[in-house]
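# Descriptive structure summary
Okay, here's what each chain looks like letter by letter:
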Amino acid sequence: MDYVRGAVKMGRGVKRHTKTPLDLIVMELESKPLSEGLWEELSDAGFMKCVVESIPPPAKTRADLKEKYAVLHVWAMTVYDTVLFIDADTFVQNSLDDLINMDLQGKTIGVTKDIRERKWVDTFNSGVLLLHPRTAEFERLMKLLRSGMQFDFIMSDQGFLNAVYEKDWHEIGFVNNANLALYRFQRSFWDQHKLEDINIIHYTMQKPWKCRSKGPYGPICDVWINAK
């Protein structure tokens, strides 16, 4: 499975560069268990398994995104003081120590500003998400999700989280979630940063396992292609 390939490379990058003691966790849906072979790959990269139940989505959710709400289970991981959720279509090439230990300055989550339809927007991208798990917050999220509240359903869990935390998020910085859409549509901003200084590259426009060196994202694709 392609997303397992992505997770393996991402996890290796975390372990290679980050000194803060941490566990690498993959949330596996109880209804969609991964094969033994895939778990062997993940285990070799240092991942442990956390089996979670699907979270029923609102009726208006796109069919291909209905399982995405399972990410909300990270708030229930109260065995940890801090959780850094990272999408599998990312690559970690530098230390995450500063990010993991970041002061959220009174906000509930740490995320970074998003880009949609080629422009900066006031919403955030939840592909890299820093939080402190709390049972009460998890229960609040479940109650809100079932309440019938309206949000940007096409964005699934990200739309929901933006509605909940509209004014309750701390900016973690571009280098901690470098969205490939910026490379394409806000190139002048992207070029203000050295590629080697980016901590997490987020392959939103083209999944890293589909990247080609001669494609439109060549230099960024090469980072993933050449990674061990």
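Structural notes, computed from the coordinates. (Residues numbered from 1 in each chain as written. Predicted model: local features only at pLDDT ≥ 70, side-chain atom pairs only at ≥ 80, totals over all residues. Heavy atoms only, no water.)

What follows deals with the overall build of the protein chain. The helix and strand inventory of the protein chain stands at eight helices and nine strands. Computed over C-alpha atoms, the radius of gyration of the protein chain comes to 17 Å, within 12% of the 17 Å expected from 2.2 N^0.38 for 228 residues, which places it in the range of a compact globule. Dimensions of the protein chain, computed from C-alpha atoms along their principal axes, come out at roughly 45 × 40 × 35 Å. When burial is assessed residue by residue, the protein chain has 48% of its 228 residues classed as buried. Within the structure as shown, the protein chain displays about 11900 Å² of accessible surface, and the carbon and sulfur contribution to it stands at 49%. Of note, the protein chain has its 30 positive side-chain charges centred 6 Å away from the centre of its 31 negative side-chain charges. (Helix = DSSP H or I, 4+ residues; strand = E, 2+ residues; numbered from the N terminus. Rg over C-alpha atoms; globule rule 2.2 N^0.38 Å. Buried < 20%, exposed > 50% of the residue type's maximum accessible area, 1.4 Å probe, protein only. Areas by Shrake-Rupley, 256 points an atom, 1.4 Å probe, with all protein chains shown as cover. Lys, Arg positive; Asp, Glu negative; His and termini not counted. Charge placed at Lys NZ, Arg CZ, Asp CG, Glu CD.)

Take helix α2 (residues 36-44) next. Buried within α2 we find L38, W39 and L42. The buried residues of α2 occupy an angular sector of 95° when the element is viewed end-on, so they sit on one face. Projecting away from the buried face of α2 at angles above 90 degrees are the exposed residues E36, E40 and D44. Of the surrounding secondary structure, the elements contacted by the buried residues of α2 are α1 (2-17), β1 (24-29) and β2 (47-52). G46, located one to two residues past α2, shows a positive phi value of around 105°. (Arc of directions from axis to C-beta. Contact = heavy atoms within 4.5 Å.)

What follows is about the pattern of salt bridges. In a structure, side chains of opposite charge can pair up when their charged atoms sit close to one another. Scanning the model with the defined rule gives ten salt bridges in all. In the salt-bridge network here, residues are joined through shared partners; they are R134, E137 and R140. (Salt bridge = Lys/Arg side-chain N within 4 Å of Asp/Glu carboxyl O.)

On to helix α4 (residues 135-145), then. Among the residues making up α4, those that are buried are E137, F138, L141, M142 and L145. Around the axis of α4, the buried residues are gathered within 140° of arc, so they sit on the same side. In α4, those exposed residues whose orientation departs by more than 90 degrees from the buried face are E139 and K143. Packed against the buried residues of α4 are α5 (156-164).

Read from one edge of the open sheet, three strands run β4-β9-β8, paired in mixed fashion. The open sheet has two free edges, formed respectively by β4 (90-92) and β8 (178-179), since each of these has just one partner strand. Of the pairings in the sheet, the one linking β4 to strand β9 (residues 200-202) comprises three bridges and is antiparallel in character. The partner of V92 across the bridge, within β9, is I200. (Pairing = 2+ DSSP bridges.)

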